[in-house]
Amino acid sequence: MSRIGIRPIAIPAGVEVTVDDNNFVTVKGPKGELSQQIHGELTIKIEEGVLTVERPNDARQNRSQHGLARTLIDNMVEGVTKGFEKKLVINGVGYSAAKQGNTLVLKLGYSHTIDLVDPEGITTEVPDATTVIVKGIDKAVVGNYAANIRAWRAPEPYKGKGVLYDGEVVRKKEGKSGAA
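This report concerns the structure included in the present document. (Residues numbered from 1 in each chain as written. Predicted model: local features only at pLDDT ≥ 70, side-chain atom pairs only at ≥ 80, totals over all residues. Heavy atoms only, no water.)

**A closer look at the overall build of the protein**
A tally of helices and strands in the protein yields two helices and 13 strands. For 180 residues, the compact-globule estimate of 2.2 N^0.38 gives 16 Å, and the protein exceeds it by more than 25% at 21 Å. Looking at the protein as a whole, 33% of its 180 residues qualify as buried. Just so you have it, the protein exposes about 10,900 Å², and 48% of that area is on carbon and sulfur atoms. Looking at the protein, you have 24 positive and 22 negative side-chain charges, and the mean spots of the two groups are 11 Å apart. (Helix = DSSP H or I, 4+ residues; strand = E, 2+ residues; numbered from the N terminus. Rg over C-alpha atoms; globule rule 2.2 N^0.38 Å. Buried < 20%, exposed > 50% of the residue type's maximum accessible area, 1.4 Å probe, protein only. Areas by Shrake-Rupley, 256 points an atom, 1.4 Å probe, with all protein chains shown as cover. Lys, Arg positive; Asp, Glu negative; His and termini not counted. Charge placed at Lys NZ, Arg CZ, Asp CG, Glu CD.)

Take a look at the structure:
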């Protein structure tokens, strides 16, 4: 049995979860609305403010989808109540970030600035020149946008310069040894 799939999801007050006949789950909450298509073999039950996901048998496909479906629904419920955020730290001389309207402007050592327009449903904040906070209700979209920002200048292992996730540790390599 899936250890994650069998755990129930508590639906908080102010959140409305609807499931249609094709397992299309819609979650509405104070921060917005999310929807997701769930594997058709699974059964989603909502009873007394608790949502459970059940599988009909132990077929390989059903087992693999069981925990995934439960986690996706749980992330939707958490997203419409609290939201998700990723914090990025910019490390390097001359590297900085700024916000102009809904555009994130990055200076990452290139001959030009990198202008990234915030996708729909995503907001970015720049509390200081070396910190970027990506916020939104969809966990996958927040993570993907943060990864796109990081990809412009991934941290390099010699000096540790680049765009890092908050708390990320870059293992530094030793430089060339001067055998002169």
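That shown, we press on.
**Focus: the sheet that holds strand β4 (residues 32-37)**
The antiparallel open sheet is built from three strands, whose spatial order is β2-β3-β4. At either margin of the open sheet sits one strand with a lone partner, and together these are β2 (16-19) and β4. The average undirected angle you get between the axes of adjacent strands in this sheet is 15 degrees. Inspection of the sheet shows strand β3 (residues 24-29) paired to β4 by six bridges, in the antiparallel sense. Within the sheet, the bridge partner assigned to V27 lies in β4 and is L34. (Pairing = 2+ DSSP bridges. Axes fitted to C-alpha atoms, helices over the stretch in contact; angles between N-to-C directions.)

**Focus on the packing of aromatic side chains**
One pass over the structure, following the stated rule, counts one aromatic pair. Between Y110 and W152, the ring centres sit 6.5 Å apart and the planes meet at 80 degrees, which makes this aromatic pair edge-to-face. Taken together, the residues Y110 in the loop between β9 (103-107) and β10 (114-117) and W152 in the loop between α2 (139-151) and β13 (162-165) connect sequence positions 42 residues apart. Classification of Y110 as partly exposed rests on a relative accessible area of 35%. (Phe/Tyr/Trp six-rings, centres within 6.5 Å; stacked < 30°, edge-to-face > 60°.)

**As for unusual backbone geometry**
In this structure, N23 takes a positive phi of about 60 degrees despite not being glycine. Within the secondary structure, N23 is located in the loop between β2 and β3. The buried category is assigned to N23, whose relative accessible area is 8%.

**Points about the side chain of D118**
Counting through the fold element by element, D118 comes out in the loop between β10 and β11 (122-128). Of the residues examined, D118 reaches a relative accessible area of 12% and is grouped as buried. Among the polar contacts listed, one links the side chain of D118 to the side chain of K99, at a separation of 2.4 Å. For D118, the side chain forms a polar contact with the side chain of Y145, separated by 3.4 Å. If near-sequence neighbours (up to four positions away) are discounted, D118 is found in contact with K99, N102, L104, T123, T124 and Y145. (Polar contact = N/O pair within 3.5 Å; in protein donor to acceptor, adjacent residues only side chain to side chain. Contact = heavy atoms within 4.5 Å.)

**A closer look at the pattern of salt bridges**
Scanning the entire structure with this criterion turns up seven salt bridges. Between K135 and E125 there is a salt bridge; the shortest N-O distance is 3.3 Å. Placement of K135 in strand β12 (residues 131-136) and of E125 in strand β11 is noted, with a sequence separation of 10 residues between them. One continuous salt-bridge network, built from bridges that share partners, spans E85, E125 and K135. (Salt bridge = Lys/Arg side-chain N within 4 Å of Asp/Glu carboxyl O.)

Interpretation note: all reported values are geometric properties and have no functional meaning in isolation.
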